[in-house]
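One-letter residues, chain by chain:
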Amino acid sequence: MSEVVKLERHDNIAVVTVNSPPVNALSAAVRGGIFDCIKSAIDDAQVQGIVLTCAGRTFIAGADITEFGKPPKPPGLAEVLSLMESSPKPIVAAIHGTALGGGLEVALACHYRVATKDAKLGLPEVKLGLLPGAGGTQRLPRAVGPELAVKMIVGGDPIGADAALKAGLIDEIVEGPASGGEAFARKVVAEKRPLRKLRDDDSKLAAAKADRSIFTNAVAALTKKSRGLEAPFAAADAVGAAIDLPFDEGLKKEREGFLKLMNGEQSKAQRYAFFAGREAAKISGVPEGTKGRNVARVAILGAGTMGGGIAMSFANAGIPVTLIETGEEQLKRGMGIMQKNYEATAARGGIPADAPAKRMALINGVVGIENIGDADLVIEAVFETMAVKKEVFGKLDQYAKPGAVLASNTSYLNIDEIAQSTKRPQDVLGMHFFSPANVMKLCEIVRADKTAPDALVTAVSIARKIAKVPAVVGVCDGFVGNRMLAQRGKQSEKLLFEGALPQQVDAVVTKFGMPMGPFAMGDLAGLDIGWRSRKDRGIKSEIADALCEAGRFGQKTGKGYYKYEQGSRAALPDPEVEKLIDETLARLGRKKRVVSDDEILERMMYPMINEGAKILAEGIAARPSDIDVVWLYGYGWPIYRGGPMFWADTVGLKHIADRLAFYARETNDPSLEPAPLLKKLADEGKTFASLAAASKAA
Ligand code: 3HC
Ligand code: NAI
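Sequence order as written defines the numbering, with residues in each chain counted from 1. A letter from A marks each chain and a number from 1 marks each ligand, given out in the order of writing. Where totals are concerned, whole chains, interfaces and linings use all residues; where local detail is concerned, this predicted model gives features only for residues with pLDDT of at least 70, and gives and counts side-chain atom pairs only at 80 or more. Values reported for side chains reflect all heavy atoms of the structure, with hydrogen atoms and water molecules removed beforehand.

J.: If you had to explain the nonpolar core to someone new, which residues and values would you point to?
T.: Working definition of a nonpolar core: buried Ala, Val, Leu, Ile, Met, Phe, Trp, Tyr and Cys residues. They are joined through side-chain atoms within 4.5 Å. Three exposure classes are used, based on accessible area relative to the maximum for each residue type with a 1.4 Å probe and protein chains only: buried under 20%, partly exposed in between, and exposed over 50%. Of all hydrophobic cores here, the largest spans 99 residues; its most connected members are W631 and F688. With nine residues, helix α25 (residues 597-617) is the largest single contributor of residues to this core. Beyond its immediate sequence surroundings of up to four residues, F688 is in contact with I609, A613, L616, P624, M645, A648, D649, L653, L678 and L681. Core analysis: the second largest hydrophobic core is formed by 73 residues, L121, I159, L198 and V239 among them. A helix here means a DSSP run of H or I that spans at least four residues, while a strand means a run of E at least two residues long, and both kinds are numbered starting from the N terminus. Only heavy atoms enter the contact rule, under which two residues are in contact if any of them lie within 4.5 Å.

J.: Kindly report on the environment of F184, identifying the contributing residues and their values.
T.: On the secondary structure map, F184 appears in helix α7 (residues 177-190). Residues F184 and N482, 298 residues apart in the sequence, show an inter-C-alpha distance of 56 Å. In this structure, F184 is in contact with V92, Y112, V114, D171, E172 and R193, ignoring residues within four places of it in sequence.

J.: Break down the site of ligand 2 for me, citing the residues and quoting the values.
T.: Surveying the vicinity of ligand 2 reveals 21 residues, the closest of which are M306, E325, E384, K389 and S411. Think of a polar contact as two N or O atoms within 3.5 Å of one another; within protein, one of them needs to be a possible hydrogen donor and the other a possible acceptor, and neighboring residues in sequence only count if both atoms come from side chains. Measuring from an oxygen atom of ligand 2, one finds a side-chain N or O atom of S411 at 2.8 Å. Alone, ligand 2 offers 830 Å² of accessible surface; in the complex the protein occludes 78% of this. Secondary-structure elements contributing two or more residues to the shell around ligand 2 are α13 (305-316), β11 (321-325), α14 (328-347), α16 (386-399) and β15 (428-433). In this count, Pro and Cys sit with the nonpolar residues alongside Ala, Val, Leu, Ile, Met, Phe, Trp and Tyr, while Asp, Glu, Lys and Arg are called charged and the others, Gly among them, polar. When its residues are assigned to classes, the shell around ligand 2 shows seven nonpolar, 10 polar and four charged. Any residue with a heavy atom lying within 4 Å of a molecule or strand is counted as near it. To be clear on the numbers: accessible area is Shrake-Rupley with a 1.4 Å probe, and residue cover counts the displayed protein chains and nothing else.

J.: Report on the sheet that holds strand β6 (residues 112-116), specifying residues and quantitative values.
T.: Taken in spatial order, the six strands line up as β1-β2-β3-β4-β6-β9 in an open sheet, and their pairing is mixed. Edge positions in the sheet fall to β1 (5-10) and β9 (172-174), since each of these pairs with one other strand and no more. Strand-to-strand twist in this sheet, taken as the mean axis angle between neighbours without regard to direction, amounts to 25°. In this description, strands pair whenever DSSP reports at least two bridges between them. Across three bridges, the pairing between β6 and β9 is parallel. Among the inter-strand pairings, T116 is bridged to a residue of β9, identified as V174. Packed on one face of the sheet, helix α1 (residues 28-43) meets β1, β2 (13-18), β3 (49-54) and β4 (91-95) and runs near 20° to β1. The axes used here are C-alpha line fits, helices contributing only the stretch in contact, and every angle between their N-to-C directions lies in the interval 0 to 180 degrees.

J.: Talk me through the packing of aromatic side chains; I want residue IDs and the actual numbers.
T.: Classification of ring pairs uses Phe, Tyr and Trp, with its six-membered ring standing for Trp, and accepts pairs whose centres are within 6.5 Å; under 30 degrees between planes counts as stacked, over 60 as edge-to-face, and the remaining range as tilted. Under the defined criterion, the tally for this structure stands at 14 aromatic pairs. Summarising the aromatic geometry, the rings of W631 and W637 are spaced 6.5 Å apart at their centres and angled 85° between planes, so their arrangement reads as edge-to-face. We classify W637 as buried; its relative accessible area is 3%. Ring geometry for F662 against Y663: centres 5.2 Å apart, planes inclined by 70°, an arrangement best described as edge-to-face. On the basis of relative accessible area, Y663 is assigned to the buried category, the value being 4%.

J.: Pulling in residues and values, what's your account of the site of ligand 1?
T.: Taken together, 25 residues are adjacent to ligand 1, and R57, G102, E105, E125 and R278 come closest. Within the contact set of ligand 1, an oxygen atom lies 2.8 Å away from a backbone nitrogen or oxygen of G102. Residue K282 places a side-chain N or O atom 2.9 Å away from an oxygen atom belonging to ligand 1. Relative to its unbound accessible area of 980 Å², ligand 1 is 75% covered by the protein chains. Mapped onto the shell around ligand 1, the elements with two or more residues apiece are β5 (98-100), α3 (102-108) and α12 (265-280). Sort the elements by how many residues they give to the shell around ligand 1 and α12 lands first, with three residues.

J.: Now, about the pairing of β15: what can you tell me, with residues and values included?
T.: Of all six residues in β15, six are buried, a share of seventy percent or more. Burial along β15 is two-sided: V428, G430 and H432 and L429, M431 and F433, pointing in opposite directions, are all buried. Considered for its hand, the β-α-β crossover made up of strand β14 (residues 405-408), helix α17 (residues 415-420) and β15 is right-handed. Here β15 runs beside strand β16 (residues 442-447); their pairing, made up of four bridges, is antiparallel. If you follow H432 over to β16, its bridge partner there is E444. Crossover handedness is defined by viewing with both strands directed away from the observer: a clockwise path from the first strand over the helix to the second marks the crossover as right-handed.

J.: So what's going on with the layout of surface pockets? Residues and values would help.
T.: Residues are called lining when one of their atoms sits within 4 Å of a cavity or pocket point, these points coming from a 1 Å grid over the protein atoms alone, where a cavity is a set in which a 1.4 Å probe fits but cannot get out and a pocket is an open set with protein on both sides within 12 Å along at least five of seven lines. Grid points are joined across faces, edges and corners, and a volume is the space filled by probe spheres set on the points. When its volume is computed, the second largest pocket comes out at roughly 240 Å³. K268, Y272, P624, S625, D628, M645, F646, D649, T650, F688 and A689 are the residues that line the second largest pocket. Those elements that place two or more of their residues in the lining of the second largest pocket are α12, α26 (624-634) and α27 (644-651). Sorting elements by how many residues they give to the lining of the second largest pocket places α27 first, with four residues. Along the lines of polarity and charge, the residues of the lining of the second largest pocket split into six nonpolar, two polar and three charged.

J.: Requested: an account of helix α2 (residues 77-85), with residues and values cited.
T.: If you check which residues of α2 are buried, you get L77, V80, L81, L83, M84 and E85. For α2, the elements touching its buried residues are α1, β3, β4, α3 and α4 (136-144).

J.: Tell me about the domain arrangement of the protein chain, residues and numbers included.
T.: Boundary definitions for the domains trace back to an automatic or database domain assignment. Partitioning the protein chain into domains gives domain 1 (5-262), domain 2 (298-477), domain 3 (516-587) and domain 4 (597-697). Taken over C-alpha atoms, the centre of domain 2 sits 31 Å from the centre of domain 4. Facing the 13 residues of domain 2 at the interface are 10 residues of domain 4. Throughout, buried area stands for the accessible area (probe radius 1.4 Å) lost by two parts on being put together, summed over both. Counting the surface lost from both domain 2 and domain 4, the interface buries some 1,000 Å², and carbon and sulfur atoms represent 69% of this. Counted as salt bridges are all cases of a side-chain nitrogen of Lys or Arg within 4 Å of a carboxyl oxygen of Asp or Glu. At the junction of domain 2 and domain 4, the tally comes to zero salt bridges. Where domain 2 meets domain 4, there are three residue pairs in polar contact (both at pLDDT 80 or more).

J.: Can you lay out the pattern of salt bridges for me, pointing to particular residues and giving the numbers?
T.: According to the stated counting rule, one finds 49 salt bridges in the structure shown. Here K592 ties to D582 by a salt bridge, and the two come within 2.8 Å at their closest N and O atoms. Of this pair, K592 sits in the loop between α24 (575-588) and α25 while D582 is found in helix α24, placing the two residues 10 residues apart along the sequence. Relative accessible area serves as the criterion here: at 32%, D582 is assigned to the partly exposed category. Members of the salt-bridge network, linked through shared partners, are E279, K282, R623 and D626.

Structure (structure tokens):
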């Protein structure tokens, strides 16, 4: 018998158990093991029913993604599923944990399914740029109807056991998977229940066959936000085939779609992003076995834009928060915003109706840092001024319990300097969340000079616990994300001086797949912030200054680089801005030229990649993939382009280095000279992916 799949017989019931940690993915060994065990059980005259279950933390969580793109090894999953579905003896899938992708497809090829109450079932392939490739698009619509199937396949989110029972995806909720599965199989055998093969049951397709709008409406609702992505549309087509074609033809159509996506660039990038996210949680340079500190309660200083969002992220994960402000009025405002935010989400159906009250009950708003209590983690989100940060951290010495991890959410300030204002610099680090903090998944974990390894591990693991994607970075101005963004900001401003318009620049950036261009983003954040900071530092930025002098602070004043109609966030090009730019250029004696979209794209992206190369060389990020994680989860970099460093490799580093050198010359900008690391890799014909992990952040 196989190493990873075992067969036992309990009287007339055969129990097939997959045991391939960590997530029982369908590697060639698992596929082969299931095939052999099921075949033996079918051939064993004593066996009347079969249970397929898994050991460890979960039912099969999908195909083995590491095998994709490599030569296929037999047996194929389709062959295994065909053996199972055509078994003359009933097979019951007994599910716990997460039955995802190929895992759920295995279960769908069984005749019955049971699951534990906390199990999740889903077909998340679209999130990897794929569609279910082993019958999922054909069997799931037959199990639950096309509407829910579209939701699960095109949307990619799993459903819980209760919903699965209601929809007919499972037959029963059980206590333990193996025992519950076995008891259910005995019942099926004793009652001589028929072999239910989804392939032969079109009953739930009838309504959509008669009225196809049931299907097309469901697809339209889900693909609204899929701009640029191939997989959701291909997945929808495959579900459409379940409605329009006989089962075997539908399967064929699904297979073609799956293979096309798997061999395409988008899925490659999305699979890379999946592993990059997991890799980022592995901290290099920390002694093996370092355990994090226990975090049962969190204190957050400042209930402003960020403090409120961070508090919500913890409450969403069930972790109690003490939220501290300087005065009753600020506290009331902060608590009010969170309450409203939760209520709006509940009204949209995003969270259950009783969730706002439950989550707000976990957030205890108080005035005064002396009320910090026994928090195990303190996150400071007060004003972005070094003096204020130092004062707050100085006070933490007095009020925070010994051993508490002390984190700052600063966007730019030096964590080493902040740490010096306490007597416990080993507990100090950065936890840089992104706005809106309850939505954006990234948390840059900033490792300072003296940060203790166990403090770092604590921050990384708590970030994962609240469903964030952590990326460990070193101390520098703006850390990884904002430091790279600053390069893009510099170029976008320069482009206006050369003849491009804000709407032209933004259109190129959004066409590339970013959610917003730099000018629309500036309008959203507020142009007055930069203006004030420039004034403080005695710096000028003629066009941006002229906008602010004309009272154009962005969305909050209804005009900035764009104009906004009352109550609308839609950025509308404004002839007045064009006039203002023209006047400024005329005043400065600058001549306009036609700037091509290709040049805009190169000047938006390549300087960021150049900065990324410097960040790697300095060890601020340990791996190119960590930089990609920052951009994917903090700035909405299109997942189908993998992240800036991954994308750079696909463009070719030689080309990027050459173009940077060209722009450095043409625009008289030495900051665009290719960084030494980029130049070296380009000269050697190498990629960022070829770099070994080495870092100061490690
Ligand atoms: N293949 C290979 N490795 C996988 C994997 C998979 N499908 N799923 C998870 N892993 C690995 C992870 O890389 C990680 O490895 P590491 O410890 O070396 O970093 C380890 O398993 C544990 O994973 P997580 O850290 O993500 O563990 P969590 O407990 O947080 O999450 C999970 C578990 C919910 C199962 C999550 O890993 C997940 O969502 N996995 C992907 C599920 C998926 O997309 N399945 C569909 C695959 S495509 C498919 O099935 C095609 C089919 O239609 C033919
Ligand atoms: P904000 O101005 O909205 O909120 C700051 C809050 O801190 C105010 O409510 C203020 O009353 C309170 N506060 C000031 N001193 C305090 C003290 N000693 N104790 C308790 N509360 C105090 O500011 P915002 O935008 O939330 O920023 C907070 C921090 O987060 C800054 O360091 C900022 O750089 C950083 N940040 C901001 C992002 C953003 O997009 N707004 C993104 C990422 C980080």
